[in-house]
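Coordinates in review
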Amino acid sequence: MPCSLLSVAVFGGLCAAALSPLHLYSFQADPVVEAVFEATSSPVVLSGRSPSECDESLDFTGANASSVALAIFPKGGQPCWTTKDARYSHSDFPIVLGVVRIGEQSLDAFEIQPPQSQASAFAASGQQVYVLLPGDALEYKLYRLKEALLIPHVTVQAGNMQGFVPTGVHVEELSMAEVYVVVRADQPPPGPTRRTMSGHGLTECEAGSSAALLEANTFGDIALVTMKRISDGKCWNSGEYANSDFVLESGRVTGSDGVVLDAFRVSPPSKTATAFVASHINLYVRQATQDITIWALQASGLHPLDTVKVEAGNHSKTNVRVDDLAVRVDGLAGPLIVILQPSSAHITTWPEEALNVEAAWLDGDGSYSLTARRFRVEGQPFVPLRQWAHGPSSSNCLYGDYKRFFPVKDAAREGIVWQDFDSNSVKLTWLAADLLSSQTISLTALSSTAILVGAVGDGLGTIVLLLGSNEEPADQKANAPGELVKFDSAGTIAMSVAMQWVDGGDGVNHQGTTNIIFNATTLQKVRTSAAASHSWANSLHVSEKEDFYLGMDLGDAYPRGIQVWELEASSSGKQHRVVYRNKILHRSSDTTLSGKVVPVYEEISTATQTFYQWSKNDNAVYTELAHPGLHELDDAVLVFFAGEAPPLDGSAVGKLLNVARNVGFVKIPRDLSNSSVLSPGENEDGGYYSEEGIWQARSNRGVSFLTSKADLAESVSRLKTADLGGSILLLWEVWSDVHQRNEFMIVNAQGEPELAEAALAFPFNLPFADDLLIVNGKAVAYVGDPANWLVRFEFCYQDCDPPRSSGSSTSSDGGSTTLAAEASFSTREAGGLKVLLFALAGGLSGSYFA
């Protein structure tokens, strides 16, 4: 039965209290009020050739249209070509007096039209606009009416030339009428609420990191600035080398919790660079006297993007890039909604459950639910889309990433081991049994070159860490340093680590998986064995079979495909079998490396691409392992992955991602010496030609695909699996080059859907290689959020709580102001060590693994 609305979570077996939905925040743009010019007089034609700035004094008597006048000025070292010689200056400029109306407000204005008489030769002299100021202030501003907006044009200082002062506005080249308004500098007209800006009017080369920017190039407290190109330090502010034309809008963000915040919306550029993007466009922001945090409102909530120190009156540079809005905090394409807040403020869409704990019900229909809790911690946990935002078409995705969060436990609490990206230390966060508080302790400090590669616990509070290094070995025969750190245990520890091996005598550091078993008491190595080479991913957990570990890895050569294997803890016994094979890239030249000439591979060649009958090791494997992806049910093993179908289609190659990846599985007997296949998938026969042109037959048996995505921009990635009491949760992210959405499916022990493929309403990202944890029959995952939050997601299947009703909520105002600070972020790699998983045998359930 579902929990009651007032029930309290207990780690030992009771269900968790129902949670409130997220506060709903939405952006409402300010009404667009256009500025419109209305003439109040007939045109007055000014010659523009008199008076002359070449004379000692200017006399505008009889040469003005009330408060507007023109004076001729010299250009390029030429004299002032006045009425004495009309060959070299234009003349006869119509001036129309009127008003500019902005809503109910009316401002005196004037319109200047192009000259009616053109220079018979060319314009060697020009005309400057002078204005008669009221004299009630020392400083005025001239605004130009452009596209129904009043754009600040120039600041005018009051002088004493019969009251007329120069504006710096030159009109000799006018091709269409221009309208201007002069107002006191301390009484500006209403600012525009919507404006299109190129992003090229200001550059970092001019503005630096902070500057008092001209109002013409700003939109309230924000501005768009063309940045320096990293490679050459130049600012490429042209349509050829920078994206341009951004629509900016002012407005309000309003929350269902009553919070109202001023905001801006920046739409993606409507024009892309015609050549390539050499310079990006960043956001600059202005605030009165305090440091500010730039927040973004996205589908997944409010996220801090950057915190900057500001100087009063100046616009300061931020790290918020606006010319490729698809790559942002949550990876979603579309407009960027920006909120500027003091850096001491914390704004959130999450209801507050307790001090430093926020929680929300995110999605569900009774048959399933997705909930999450956020715990403020001392340090910055890993945030996937800030530190590893790579899509399935990237080489980063091919080679994989470290695991980032390692679940452990003691008698009554969940614990999470993680690396602090602020202090570069390893930390352990214990969650209270009722999930209403947390405690974070530092386990060990890391050097600047060290990284947390793995952690495991025995369920009783004992923890072992594997620390790696991103230092390069001294030579090909040297090892990268690594260290096991134990905080007490007994039993054995197994690890599967993809790494570069030391030079075995052929002068090459080959890459592959090494499986190692350690004595958990002494941390002495018991035995090692090799697995796939090259190995781009692996998974490992304590087997249901006594004294065994069960694992798999993804290889590109020896073998090529997914290999499942088991390790015996107390002996050197080992079984393995390949359960899934994938295609390979054939070469586009007819001569092998040894000089052998081979025929065209007609079966896979096309009109635009010719392949020949040989191949050289193809690092691309066109596949992602699921994590953990291995499930033992009824003396069988289900193996899950994301792959390109058909798996052996050698014509669909050439890129890391060639067709959309889909969720696939194969079911095999738990006895790995049994070569039979238990899943009903199709049989596929194929193969490839070796490096010497010898045919190598390959086949797949029983491979079943559960999804059928066809769009290359809709590929399955980051597939996670969890055994929820005999039903298997499949949880994945849909990616193009960026994250699109989250989806899930529930299948039974035969791999048949119990809940069909469906999208989740809340977008989120999990670390690439992390596994799901099982707590009280529910799947749990951990991830970091910016501003020092550790997030615990929980997926429930069957008899799940509905969201808490508003009347039973115990949360305080989710928009309340609390202390917060944006963290800095960095990524560290561990040299030869790559993706690690390890498990501890002896009193540890198969649900707890690293």
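Note that the structure is a prediction, hence the values are computed from the model and not measured.

Conventions used here
Residues numbered from 1 in each chain as written. Predicted model: local features only at pLDDT ≥ 70, side-chain atom pairs only at ≥ 80, totals over all residues. Heavy atoms only, no water. Salt bridge = Lys/Arg side-chain N within 4 Å of Asp/Glu carboxyl O. Helix = DSSP H or I, 4+ residues; strand = E, 2+ residues; numbered from the N terminus. Buried < 20%, exposed > 50% of the residue type's maximum accessible area, 1.4 Å probe, protein only. Pairing = 2+ DSSP bridges. Axes fitted to C-alpha atoms, helices over the stretch in contact; angles between N-to-C directions. Disulfide = S-S within 2.5 Å. Phe/Tyr/Trp six-rings, centres within 6.5 Å; stacked < 30°, edge-to-face > 60°. Lys NZ or Arg CZ within 6 Å of the ring centre and 35° of its normal.

Topic: the pattern of salt bridges
Scanning the model with the defined rule gives 37 salt bridges in all. Close ionic contact of arginine 560 with aspartate 618 constitutes a salt bridge, the shortest N to O distance being 3.5 Å. Remark: aspartate 618 occurs in the loop between strand S40 (574-580) and strand S41 (623-633) and arginine 560 occurs in strand S39 (residues 560-568); sequence separation between them is 58 residues. As far as burial versus exposure is concerned, arginine 560 and aspartate 618 are alike and both buried. Between glutamate 757 and lysine 709 there is a salt bridge, and its shortest N-O distance comes to 3.0 Å. Taken together, the positions of glutamate 757 in strand S50 (residues 753-759) and lysine 709 in the loop between strand S46 (704-705) and strand S47 (715-724) put the pair 48 residues apart, joining distant regions of the chain. With relative accessibility at 12%, the residue lysine 709 sits in the buried group. Each member of the salt-bridge network shares a partner with another, and the members are Lys709, Glu714, Arg741, Glu743 and Glu757.

Details of the sheet that holds strand S30 (residues 438-445)
Across the sheet, four strands lie side by side as S27-S28-S29-S30; this open sheet has antiparallel pairing. Because the sheet does not close on itself, it has two edges, and the strands there are strand S27 (405-409) and S30. Strand-to-strand twist of the sheet, defined as the mean angle between neighbouring strand axes without regard to direction, takes the value 25°. Two strands pair when backbone bridges link them, and strand S28 (residues 414-420) and strand S29 (residues 425-431) are joined in this way by seven bridges, in the antiparallel orientation. Counted as the bridge partner of glycine 415 is tryptophan 430 from S29.

Topic: the state of the cysteines
Taken as a whole and judged by the stated rule, the model has three disulfides. Here cysteine 205 is linked by a disulfide to cysteine 235, with a sulfur-sulfur distance of 2.1 Å. Taking the sign of the torsion about the S-S bond as the criterion, the disulfide between cysteine 205 and cysteine 235, at about 100°, is right-handed. In this pair, cysteine 205 is assigned in helix H1 (residues 204-207) and cysteine 235 in the loop between strand S16 (222-226) and strand S17 (246-255), connecting sequence segments 30 residues apart.

A closer look at the packing of aromatic side chains
Applying the stated criterion to the full structure yields 23 aromatic pairs. Ring plane angle 10° and centroid distance 5.9 Å describe the contact between tyrosine 368 and phenylalanine 795, whose orientation is recorded as stacked. Pair noted here: tyrosine 368 is in strand S26 (residues 368-376) and phenylalanine 795 is in strand S53 (residues 789-797), with a separation of 427 residues, a long-range link. By relative accessible area, phenylalanine 795 is classed as buried at 2%. Taking 4.7 Å as the distance between ring centres and 65° as the angle between the ring planes, the aromatic pair formed by tyrosine 399 and tryptophan 536 counts as edge-to-face. Taken together, the residues tyrosine 399 in helix H3 (residues 395-399) and tryptophan 536 in strand S37 (residues 533-542) connect sequence positions 137 residues apart. According to the relative accessible area criterion, tyrosine 399 is partly exposed, its value standing at 33%. The ring of tryptophan 789 has arginine 374 sitting right over it, with the charged end atom 4.3 Å from the ring centre.

With respect to the pairing of strand S45 (residues 695-702)
Here strand S44 (residues 681-689) pairs with S45 via seven bridges, running antiparallel. What sits directly across from tyrosine 689, in S45, is tryptophan 695.

Examining unusual backbone geometry
Note that the residue after serine 50, namely proline 51, is joined by a cis bond; omega there is 0°. You can see proline 51 is positioned in the loop between strand S3 (44-46) and strand S4 (64-65). Residue proline 646 is reached from alanine 645 by a cis peptide bond, and omega for that bond is -5°. Turning to its location among the elements, proline 646 is positioned in the loop between strand S42 (636-644) and strand S43 (661-669). The phi dihedral of asparagine 776 is positive, around 55°, even though this residue is not glycine. Even without glycine at this site, asparagine 788 takes up a positive phi of about 70°. In this structure, asparagine 788 sits in the loop between strand S52 (778-785) and S53. Exposure remark for asparagine 788: the relative accessible area of 17% places this residue in the buried category.

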